[in-house]
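Listed below are the residues making up each chain.
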Amino acid sequence: QVQLVESGGGLVQPGGSLRLSCAASGRIFSIGAMAWYRQVPGKQRELVAATTSGGSTSYADSVKGRFTSSRDNAKNTVYLQMNSLKPEDTAVYYCNVDVIIAPPRHENYWGQGTQVTVSS
């Protein structure tokens, strides 16, 4: 069984920074494609950043230049560094990871979500 555990959310003032983590544990060979989403109550889940298995990352226009997605393969952990945060970044953030169990078998998992609140 594979689990994704997110951490790092919280309350931050506008202009501040947070780093979200998403750690995969269990029977894992490696991590493949990954993505970060966010959701505000009453709205659809929005894609924030997506990284292909080849390492190419794309970002939503609303976060370009402020957010950076990265990974530590040795720790099976993915990160979302969020800088220059704005009130409109307030949402529950979810990681989504393709976990390679044993090549070529892979499974897709979601983190439990972590609340990010940007407010003065």
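This text goes with the structure placed above it.
Calculation notes
- Residues numbered from 1 in each chain as written.
- Predicted model: local features only at pLDDT ≥ 70, side-chain atom pairs only at ≥ 80, totals over all residues.
- Heavy atoms only, no water.
- Phe/Tyr/Trp six-rings, centres within 6.5 Å; stacked < 30°, edge-to-face > 60°.
- Helix = DSSP H or I, 4+ residues; strand = E, 2+ residues; numbered from the N terminus.
- Buried < 20%, exposed > 50% of the residue type's maximum accessible area, 1.4 Å probe, protein only.
- Lys NZ or Arg CZ within 6 Å of the ring centre and 35° of its normal.
- Pairing = 2+ DSSP bridges.
- Contact = heavy atoms within 4.5 Å.
- Core = buried A, V, L, I, M, F, W, Y, C linked by side-chain atoms within 4.5 Å.

Now, about the packing of aromatic side chains: what can you tell me, with residues and values included?
What characterises a pair of aromatic rings is the spacing of the ring centres plus the angle enclosed by the ring planes. All told, the structure shown has two aromatic pairs when counted by the stated rule. With a centroid separation of 5.1 Å and 55 degrees between ring planes, the pair formed by Tyr37 and Trp110 is classed as tilted. Of this pair, Tyr37 sits in strand β4 (residues 30-39) while Trp110 sits in strand β10 (residues 105-110); the two residues are 73 residues apart in sequence, bridging distant segments of the chain. Assessed through its relative accessible area of 38%, Trp110 is described here as partly exposed. By way of ring pairs, the aromatic residues Tyr37, Tyr94 and Trp110 are connected into one cluster. Note that Arg45 overlies the ring of Tyr94, its terminal NZ or CZ placed 3.8 Å from the centroid.

Give a detailed account of the pairing of strand β5 (residues 46-51), specifying residues and quantitative values.
Bridging between β4 and β5 involves five bridges; their strand directions are antiparallel. Counterpart to Arg38 in the pairing with β5 is Glu46. Here β4 folds back onto β5 in antiparallel fashion, the turn holding six residues, of which Gly42 has a positive phi close to 85 degrees. Where β5 and strand β6 (residues 57-59) come together, three bridges link them in antiparallel fashion. Bridging across to β6, Thr51 finds its partner in Thr57.

Go over unusual backbone geometry with me, naming the residues and quoting the values.
Most peptide bonds take the trans configuration, and most residues that are not glycine carry a negative phi. Following Pro103, the chain continues to Pro104 via a peptide bond in cis, the omega torsion being 0 degrees. Here Pro104 shows up in the loop between β9 (91-102) and β10. If you check the backbone angles, Asn76 has positive phi at about 50 degrees while not being a glycine.

Would you mind going over the pairing of β10 in detail, with residue names and values included?
Strand residues, when the strand is regular, have side chains that alternate between the two faces of the sheet. By the bridge criterion, six bridges tie β9 to β10 in an arrangement that is antiparallel. In the sheet register, Asp98 faces β10, and the bridge partner there is Asn108. Hairpin connection from β9 to β10: two residues lie between these consecutive antiparallel strands.

Break down the side chain of Asn76 for me, citing the residues and quoting the values.
Relative to the elements of secondary structure, Asn76 occurs in the loop between β7 (67-72) and β8 (77-82). Residues in contact with Asn76, not counting those within four places in the same chain, are Cys22, Ala23, Ala24, Ile28, Ser30 and Ile31.

A description of the nonpolar core should follow, citing residues and the corresponding values.
Counting 29 residues, the largest nonpolar core has Trp36, Val48, Phe67, Leu80, Met82, Tyr93 and Val97 as the members making the most contacts within it. For this core, the secondary structure elements donating two or more residues are β1 (2-7), β3 (18-26), β4, β5, β8, β9 and β11 (114-118). A per-element tally of this core places β9 first, with six residues. The residues touching Tyr93, leaving out its near neighbours within four places in the chain, are Glu6, Leu20, Tyr37, Arg38, Val48, Phe67, Leu80, Met82, Gly113, Thr114 and Val116.

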